[in-house]
Amino acid sequence: MTKKQNRGLKEVWRKFLVSIKRRPQMIPLAVLVIAFVFYSLNLMHISDTTARIQGAGMGLAGFATMLFSMLSFMCFLNAFPYRKKPNIPMVVLMFIMLGIVIFSDLYYRSAILAAVNRPDNPIVVTAETAYIALAEWYLQIHVAILLVAIVLILLLPVYSKLLRKIKTSVEVEDNGSLGAIDISGEA
């Protein structure tokens, strides 16, 4: 890697750090986006599981997860406006919605486990119905990602102060002729 490429990478990294310093709330927002995308990309397995098991409230739990995931984004964006103090009612509403999403995931997972482990006519997970096990696994991962996002939101004031301490200013070289510049305006 040449010196010019190395300086270019350093400048890209410096600009990234500056943007994170200005808006540290982008870190938990990115984790919320990852959780939503992860759930959305694996929704096929969850939908197939709902159709196969047909447990009470499974479809509603999947719908609630999608709905409140999207609504929690809106609450997050309104909870942390740019260069203003957090909007506390929106923060509370966002945490309530994230709680509903986690509850829905756990309820759905318990419905899967109840169908697989019931004494009469249990659902057998075979190679053809492996999506049931995958759905249960993806729900665990989704809940874990959401818990990481909640921890990051709660610790936002702590790491915001730590991020501000990172030096991102650019060193400007002095050629020593600053004293020779006349700024008085007299000709």
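Data block above holds the structure.
Residues numbered from 1 in each chain as written. Predicted model: local features only at pLDDT ≥ 70, side-chain atom pairs only at ≥ 80, totals over all residues. Heavy atoms only, no water.

Visitor: Let's hear about the overall build of the chain: which residues, and what values?
Guide: Secondary structure summary: the chain contains 7 helices and 0 strands in total. Going from the N terminus to the C terminus, the chain shows its helices and strands as α-α-α-α-α-α-α. On C-alpha atoms alone, the chain measures out to a radius of gyration of 25 Å, which is more than a quarter above the 16 Å that the 2.2 N^0.38 rule sets for 187 residues. Projecting the C-alpha coordinates of the chain onto the three principal axes gives extents of approximately 100 × 45 × 25 Å. (Helix = DSSP H or I, 4+ residues; strand = E, 2+ residues; numbered from the N terminus. Rg over C-alpha atoms; globule rule 2.2 N^0.38 Å.)

Visitor: Hey, could you go over the packing of helix 6 (residues 130-154) against helix 7 (residues 156-164) for me, with residue numbers and the actual values?
Guide: Packed helix pairs are characterised by how far apart their axes lie and by the angle those axes make with each other. Packing of helix 6 against helix 7 leaves a shortest axis separation of 5 Å and a crossing angle of 65°. Contacts between helix 6 and helix 7 pair Leu-152, Ile-153 and Leu-154 from the former with Leu-156, Pro-157 and Tyr-159 from the latter. For the contact of helix 6 with helix 7, the residue count by class is 6 nonpolar, no polar and no charged. (Axes fitted to C-alpha atoms, helices over the stretch in contact; angles between N-to-C directions. Contact = heavy atoms within 4.5 Å. Nonpolar A, V, L, I, M, F, W, Y, C, P; charged D, E, K, R; others polar.)

Visitor: Describe the packing of helix 3 (residues 43-53) against helix 6, listing the residues and the values that go with them.
Guide: The contact between helix 3 and helix 6 brings their axes to 8 Å, and the two run at 125°. Considering their axes alone, helix 3 and helix 6 lie oblique with respect to each other. Crossing angle aside, the handedness with which helix 3 passes helix 6 is left-handed. Seen from helix 3, the contacting residues are His-45, Ile-46, Asp-48, Thr-49, Arg-52 and Ile-53; seen from helix 6, they are Tyr-131, Ile-132, Leu-134, Ala-135, Tyr-138 and Leu-139. (Parallel < 35°, antiparallel > 145°, perpendicular 65-115°, else oblique. Left-handed = near helix turned anticlockwise from the far one by under 90°.)

Visitor: Give a description of a nonpolar patch on the surface that names residues and reports values.
Guide: There is a patch of nonpolar side chains on the surface, built from Leu-60, Phe-63, Leu-67 and Leu-71 and spanning about 380 Å² of accessible area. On the secondary structure map, Leu-71 appears in helix 4 (residues 58-79). A relative accessible area of 33% places Leu-71 in the partly exposed class. (Patch = residues over 30% accessible without salt bridge, like charges linked within 9 Å, V, L, I, M, F, W, Y side chains within 5 Å. Areas by Shrake-Rupley, 256 points an atom, 1.4 Å probe, with all protein chains shown as cover. Salt bridge = Lys/Arg side-chain N within 4 Å of Asp/Glu carboxyl O. Buried < 20%, exposed > 50% of the residue type's maximum accessible area, 1.4 Å probe, protein only.)

Visitor: With reference to specific residues and values, describe the packing of aromatic side chains.
Guide: Enumeration over the complete set of coordinates arrives at 4 aromatic pairs. Between Phe-36 and Phe-73, the ring centres sit 5.4 Å apart and the planes meet at 80°, which makes this aromatic pair edge-to-face. Placement of the pair is Phe-36 in helix 2 (residues 26-41) and Phe-73 in helix 4, with a sequence separation of 37 residues. Residue Phe-36 shares its accessibility class with Phe-73, and that shared class is buried. (Phe/Tyr/Trp six-rings, centres within 6.5 Å; stacked < 30°, edge-to-face > 60°.)

Visitor: A description of the nonpolar core should follow, citing residues and the corresponding values.
Guide: Among the nonpolar cores identified, the biggest contains 44 residues, and Leu-32, Phe-80, Met-94 and Ile-112 are the most heavily contacted of them. At the level of secondary structure, the elements contributing two or more residues to this core comprise helix 2, helix 3, helix 4, helix 5 (88-117), helix 6 and helix 7. (Core = buried A, V, L, I, M, F, W, Y, C linked by side-chain atoms within 4.5 Å.)

Visitor: Break down helix 3 for me, citing the residues and quoting the values.
Guide: Residues of helix 3 that are buried include every one of His-45, Ile-46, Thr-49 and Ile-53, and no others. Along the axis of helix 3, the buried residues cluster in a sector spanning 100°; they form a single face. Of the exposed residues in helix 3, the ones pointing more than 90 degrees away from its buried face are Met-44 and Ala-51. The elements touched by buried residues of helix 3 are helix 2, helix 4, helix 5 and helix 6. Once helix 3 finishes, Gln-54 follows within two positions and takes phi at roughly 55°, a positive value. (Arc of directions from axis to C-beta.)

Visitor: Tell me about the side chain of His-45, and please be specific about residues and values.
Guide: Among the structural elements, His-45 can be located in helix 3. If we skip the residues at most four places from it in the chain, His-45 touches Tyr-131, Leu-134, Ala-135 and Tyr-138.

Visitor: Got a sec to walk through the environment of Ser-40? Specific residues and values, please.
Guide: Here Ser-40 is to be found in helix 2. As a C-alpha pair, Ser-40 and Thr-65 span 25 residues in sequence and 10.0 Å in three-dimensional space.

The values are spatial; any link to function lies outside them.
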